[in-house]
Amino acid sequence: MSKLTAAITAVGAYVPDYRLTNEILENMVDTTDEWITTRTGIKERRILRDKDKGTSFLAIKAAEDLIKKKNLDPKEIELVLVGTATPDMPVAATAVYVASKIGATNAFAYDLQAACSNFLFGMSAAARYIESGRYKKVLLIGADKMSSILDYEDRTTCIIFGDGAGAVLFEPNTEGLGLIDEYLRSDGNGREFLKIEAGGSLLPPSEETVRKKQHFVFQDGKSVFKFAVSNMADGAAKIMERNGLNHDDVNWLVPHQANKRIIDATANRMGLDSDKVMMNIHRYGNTTSATLPLLLADYEEQLKKGDNLIFAAFGGGFTWGSIYLKWAYNP
Ligand code: UT7
């Protein structure tokens, strides 16, 4: 019997309509379009402005897009995983609400939290369920309403992030397509550099934590940048090496969209020309859990069955790694 692998068989996506451009940000904080463009590659991001809508709204929209495109009966979905750094609420899991709202009434569901590596680590988790032979349809969603945890007076963070969601369906494959290999790592010493300090069990919410703005994202950008550049490139290079892939064998790099300079460094290390590098950071900024599936949605029409895709991500924690996946369907 041929080996069972976990293949991506459908993609869905959603971004809110409102565009927060660099020009608008110039009037909100002390920054310039020129600084943001040259330092990050970002031109605009999408923001979910409705106060009464959380991350689940984005996740549901992305899942519904996938369900419609694939003509899928949601009752066939057995597991819904939502990777998010901005759950609707600390308890209960956003995934559970999403599963019910999309009609996945035969599924179980839970959230994953590994910051910007949410989707990458989620791919690993989803694949294990499929490879076990016990599950046939696993829906993985990456969704974040980053605007809900940003201080729009802090120019070092508010210019970077945007809101969005993407979803993929994992199904069994016996043609050798799907997730082939993974190299995933984490280092807890990194949490000082990228965090939301308050609101958890270590520092519960109080008047003081609100006054000190400790419920917003804090990032020591320079330190994170250094770790991100070396680790994202290392991970991608390792995956290529151990699977005997050279730059000609790789059809696409699917990199986390944190900073164009980090993406370029990773592509350079892999010896890839820019036409093999998926990129949408200029349109969406860093959408944390949603960057990788949003790329797949944007480039889906160009992907061919058998294409070799290398995913790479780096995030708070620190968390990082790379995945080698063979694409399973034609446009
Ligand atoms: O996705 C999760 C992982 N996250 C990442 O991978 C992000 C990694 N870090 C980065 O992408 C970059 O470090 C940033 C884009 C966050 C910052 O770029 P940088 O080139 O590392 O800038 P910096 O933090 O070293 O700041 C350089 C200067 C500083 O001024 P001084 O001290 O040199 O006078 C900052 O105050 O730029 C200043 N600055 C700004 N100026 C205009 C910081 N933010 C801004 C801004 N507009 N928005």
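Everything in this summary refers to the structure shown in the same document. It should be emphasised that the depicted structure is a prediction, and the values quoted were computed from it without experimental measurement. (Residues numbered from 1 in each chain as written. Predicted model: local features only at pLDDT ≥ 70, side-chain atom pairs only at ≥ 80, totals over all residues. Heavy atoms only, no water.)

### Quick word on the overall build of the chain
Here comes step 1: Check the secondary structure of the chain and you find 11 helices and 13 strands.
Here comes step 2: The C-alpha atoms of the chain give 19 Å as radius of gyration, which agrees with the globular expectation for 331 residues (20 Å, within 12%).
Here comes step 3: Each principal axis of the C-alpha distribution contributes one length, and for the chain these read about 60 × 45 × 35 Å.
Here comes step 4: For the chain, buried positions account for 54% of its 331 residues.
Here comes step 5: By sequence separation, contacts in the chain at least 24 residues apart represent 77% of the contacts at least 6 residues apart.
Here comes step 6: By element, 50% of the accessible surface of the chain is carried by carbon and sulfur atoms, the whole surface being about 14,500 Å².
Here comes step 7: Here the chain carries 39 positive and 43 negative side-chain charges, and the mean point of each set is 1 Å from the other. (Helix = DSSP H or I, 4+ residues; strand = E, 2+ residues; numbered from the N terminus. Rg over C-alpha atoms; globule rule 2.2 N^0.38 Å. Buried < 20%, exposed > 50% of the residue type's maximum accessible area, 1.4 Å probe, protein only. Contact = heavy atoms within 4.5 Å. Areas by Shrake-Rupley, 256 points an atom, 1.4 Å probe, with all protein chains shown as cover. Lys, Arg positive; Asp, Glu negative; His and termini not counted. Charge placed at Lys NZ, Arg CZ, Asp CG, Glu CD.)

### A look at the site of the ligand
Here comes step 1: Close contacts around the ligand come from 24 residues, with Thr31, Arg39, Lys222, Asn259 and Asn286 the closest.
Here comes step 2: Contacts to the ligand include tryptophan 35, whose side-chain N or O atom sits 3.4 Å from an oxygen atom.
Here comes step 3: Glutamine 219 places a side-chain nitrogen or oxygen 3.2 Å from a nitrogen atom of the ligand.
Here comes step 4: Protein chains shield 75% of the accessible area of the ligand, which is 950 Å² for the free molecule.
Here comes step 5: Ranked by the residues each element gives to the shell around the ligand, the list is headed by helix α8 (residues 221–242), at five residues.
Here comes step 6: For the shell around the ligand, the residue count by class is 11 nonpolar, eight polar and five charged.
Here comes step 7: Each of domain 1 (5–176) and domain 2 (179–326) gives at least three residues to the shell around the ligand. (Near = heavy atom within 4 Å. Polar contact = N/O pair within 3.5 Å; in protein donor to acceptor, adjacent residues only side chain to side chain. Nonpolar A, V, L, I, M, F, W, Y, C, P; charged D, E, K, R; others polar. Domains from an automatic or database assignment.)

### A word on the packing of helix α3 (residues 55–70) against helix α4 (residues 94–101)
Here comes step 1: The interhelical angle for the contact between α3 and α4, taken along N-to-C directions, is 45°, at an axis separation of 9 Å. Of the possible angle classes, the one that applies to α3 and α4 is oblique. The interaxial crossing formed by α3 with α4 has right-handed handedness. Residues Ser56, Ala59 and Ile60 of α3 form the contact with α4, whose participating residues are Thr94, Tyr97, Val98 and Lys101.
Here comes step 2: A per-class count over the contact of α3 with α4 returns four nonpolar, two polar and one charged. (Axes fitted to C-alpha atoms, helices over the stretch in contact; angles between N-to-C directions. Parallel < 35°, antiparallel > 145°, perpendicular 65-115°, else oblique. Left-handed = near helix turned anticlockwise from the far one by under 90°.)

### Some points on unusual backbone geometry
Here comes step 1: For the peptide bond that leads from valine 91 to alanine 92, omega is 10°, which places it in the cis range.
Here comes step 2: Structurally, alanine 92 is set in the loop between β4 (79–83) and α4.
Here comes step 3: Cis geometry marks the peptide bond from glycine 317 to phenylalanine 318, where omega comes out at -5°.
Here comes step 4: For phenylalanine 318, the position within the fold is in the loop between β12 (308–315) and β13 (319–326).
Here comes step 5: The residue alanine 115 is not glycine, and still its phi comes out positive at about 55°.
Here comes step 6: Examined against the element boundaries, alanine 115 turns out to sit in the loop between β5 (108–112) and α5 (118–131).
Here comes step 7: In this structure alanine 115 comes out as buried when scored by relative accessible area, which is 17%.
Here comes step 8: Positive phi is not limited to glycine here, since threonine 288 has a value of about 55°.
Here comes step 9: Tracing the backbone through its elements, the reader meets threonine 288 in the loop between α10 (281–284) and α11 (291–299).

### Describing the layout of surface pockets
Here comes step 1: The computed volume of the largest pocket comes to approximately 1,200 Å³.
Here comes step 2: Contributing to the lining of the largest pocket are 38 residues, with Ala85, Gln113, Lys195, Ile196 and Ala198 lying nearest its centre.
Here comes step 3: Those elements giving two or more residues to the lining of the largest pocket turn out to be β5 and β9 (194–195).
Here comes step 4: When the residues that make up the lining of the largest pocket are grouped by side-chain class, the tally is 18 nonpolar, 13 polar and seven charged.
Here comes step 5: Looking at which domains feed residues into the lining of the largest pocket, each of domain 1 (5–176) and domain 2 (179–326) gives three or more.
Here comes step 6: As a volume, the second largest pocket reaches approximately 670 Å³.
Here comes step 7: In this structure, the second largest pocket is lined by 27 residues; those nearest its centre are Ile160, Gln219, Gly221, Lys222 and Asn259.
Here comes step 8: Looking at the lining of the second largest pocket, the elements that each hand over two or more residues are α2 (33–40), α6 (155–158), α8, α9 (260–270) and β12.
Here comes step 9: Broken down by element, the lining of the second largest pocket gets its largest block of residues, six residues, from α8.
Here comes step 10: The residue inventory of the lining of the second largest pocket, partitioned by class, reads 13 nonpolar, nine polar and five charged.
Here comes step 11: For the lining of the second largest pocket, the two domains that each supply at least three residues are domain 1 (5–176) and domain 2 (179–326). (1 Å grid on protein atoms, 1.4 Å probe; cavity = no way out; pocket = protein on both sides within 12 Å on 5 of 7 lines; lining within 4 Å. Points joined across faces, edges and corners; volume = space filled by probe spheres on them.)

Any link to function would need more than the numbers given here.
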